[in-house]
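# An overview of the molecular structure
Residues per chain, in single letters:
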Amino acid sequence: MSAAMDTESTYSGYSHYSGHSKKAHRQGRDRHKSPRSKDGSRSEKSVTIQTPPAEPLLGNDASRAEDGQDDNWGETTTAITGTSEHSISQEDIARISKDLEDSVGLDCKRYLGLTVAAVLGLLVFLTPIAFILLPQILWRDDLEPCGTVCEGLFISVAFKLLILLIGTWALFFRQPKADIPRVFVFRALLLVLIFLFVVSYWLFYGVRILDSKDTNYQGIVQYAVSLVDALLFIHYLAIVLLELRQLQPMFTVKVVRSTDGESRYYSLGHLSIQRAALVVLENYYRDFTVYNPALLTASKSRAAKHMAGLKVYNVDGPGNNASGQSRAMIAAAARRRDSSHNELYYEEADQERRVKKRRARLVVAVEEAFTHIKRLQAEEQQKAPGEMMDPREAAQAIFPSMARALQKYLRTTRQQQYHSMESILQHLSFCIMNNMTPKAFLERYLNPGPTLQYDRDRWFSKQWTLVSEEAVTSGLQDGIVFVLKCLDFSLVVNVKKIPFIKLSEEFIDPKSHKFVLRLQSETSV
């Protein structure tokens, strides 16, 4: 009951600023509406084809994350009205319809390949059984009796088929991680090889056994056993081509994100370009920090402020307006070039000071909140077992005391679009339930984590485009460059071959380390 009263009183304190926050948000939106309408690229990037989350967020879109907004939770609530500041053009609608058609085509291609593989696998496993059963069904009375050796071959066929079934399931029937633009060459070659192999066995079986009605049943069973042995060898070949061949590192790739220049290095084996792109994307979601376009707006606003501070006067008449303005702006930019680095230095120093200040406030607020929850836990332990507080209730009780400091810190570091109130409450209740420290709770917010750490709907890009001058089915080579594009940025991948290392050995004679120490019998005192 006391925790609920604390929560209610705290949220009543935040409601005092609700009117001011809505007014400030409306003014900020009107202030930034004009430049956004002039920039067509920014308006195109801001269109999202996803259902907005139901919970209130810690901030608006990255393009509107400005420091002038009011620091209250009320302004972050999304309201759907009759008008919208975003618009969708005919080109956007055409692009959306094209994406839907591409997604349908990818699904059909995925299921078609799976269906072909399943049908071929069923044919492979039923063929040896059919080889053994057809003579028993068609000319059973004319067959020679099956001896001990023939009956032992039945057991051999059964266990080999079981091993082949398990190996095929483990190697081929795995859930696909992605849709690649072209067919996987080695897998397609293996499927064609298996198909030709089974068809050739069926042709030989039909001509030499079915037509002539061979009575040597032991020879027929041995023929089926040879088929199963050959299939096992093909499965071994598939393991070598699909799994073992790519394990040895042969290339080093450098992945650079085009927007902020963050880069990583990875070692890859013999892979095609499209499979190397899949490996790069898997490592990108794990190793790269989440893409935050709000961090890139500082340089743009600084450049716009410099250009806005220039005044151009036309003294040559209306005829030379364009050329006069361009020359005047270039000359003014050249004169202010020397002073721009000072402005950048002081802006970065001021931003670093504000981040440290709000980080300290956040750390203190979280430590006090966790101290309060420990005191509540100590009080709850003295009560009856049925009155223990749930971790979710405890998180809701202490969250308002740290909410304002956390919100200000996320706004200063421009991370508010990646953390919703619901996600913070879930993380806080998880930390309380597992008896984690305040530092463990703050780790997610103080240091931007990898892309996989955040909500899937906020970071996951469903469509990547592979751009390469070489065929995507060709293997990696030294000097190849390909690009992975998504809606907001691209990953530039540069491939370098690991150089051949010549290692020589130098022999050291063990006797070379030996020496003789000669001491004089008489020494001076």
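Residues numbered from 1 in each chain as written. Predicted model: local features only at pLDDT ≥ 70, side-chain atom pairs only at ≥ 80, totals over all residues. Heavy atoms only, no water.

### Re the state of the cysteines
- Tallying each qualifying case throughout the model produces one disulfide.
- Residue C146 pairs covalently with C150 via a disulfide, S to S 2.0 Å. Its S-S torsion of approximately -115° makes the covalent link between C146 and C150 left-handed.
- Classification of C146 as partly exposed rests on a relative accessible area of 26%. (Disulfide = S-S within 2.5 Å. Buried < 20%, exposed > 50% of the residue type's maximum accessible area, 1.4 Å probe, protein only.)

### Some words on the UniProt feature "transmembrane region" (unreviewed entry) in the chain
- Taking the UniProt record as the reference, the feature "transmembrane region" (unreviewed entry) is found at residues 111–133, 153–172, 184–204 and 224–244.
- Counted over residues 153–172, helix gives 95% and strand 0%. Its end C-alpha atoms are 28 Å apart. (UniProt positions renumbered as here; feature names shortened; annotations may be inferred. Helix = DSSP H or I, 4+ residues; strand = E, 2+ residues; numbered from the N terminus.)

### Concerning the packing of helix α5 (residues 148–171) against helix α7 (residues 217–244)
- At a minimum axis separation of 10 Å, α5 and α7 run at an interaxial angle of 20°. By the angle between their directions, the pair α5 and α7 is classed as roughly parallel. You can see that α5 and α7 cross each other, and the crossing is left-handed.
- Class assignment of the residues belonging to the contact of α5 with α7 gives a composition of 17 nonpolar, five polar and three charged. (Axes fitted to C-alpha atoms, helices over the stretch in contact; angles between N-to-C directions. Parallel < 35°, antiparallel > 145°, perpendicular 65-115°, else oblique. Left-handed = near helix turned anticlockwise from the far one by under 90°. Nonpolar A, V, L, I, M, F, W, Y, C, P; charged D, E, K, R; others polar.)

### Focus: the pattern of salt bridges
- For the coordinates displayed, the defined rule picks out nine salt bridges.
- With a closest N to O distance of 2.8 Å, D350 and R353 form a salt bridge. Taken as a pair, D350 and R353 lie in helix α11 (residues 337–381) at a separation of three residues, close to a single helical turn.
- Salt bridges sharing partners connect three or more residues here, namely R257, D260, E262 and R264. (Salt bridge = Lys/Arg side-chain N within 4 Å of Asp/Glu carboxyl O.)

### A word on the sheet that holds strand β3 (residues 465–468)
- Ordered by their spatial adjacency, five strands build an open sheet running β2-β1-β5-β4-β3, and the pairing between neighbours is antiparallel. Whereas interior strands pair on both sides, the edge strands pair on one side only; in this sheet they are β2 (263–268) and β3. Direction aside, the axes of adjacent strands within the sheet are offset by 25° on average.
- Sheet topology note: the strand β1 (residues 251–257)/β2 ladder contains six bridges and is antiparallel. The partner of T252 across the bridge, within β2, is S267.
- Packed onto the sheet, helix α8 (residues 273–287) meets β1, β2, β3, β4 (481–485) and β5 (490–497) and runs at close to 135° relative to β2. (Pairing = 2+ DSSP bridges. Contact = heavy atoms within 4.5 Å.)

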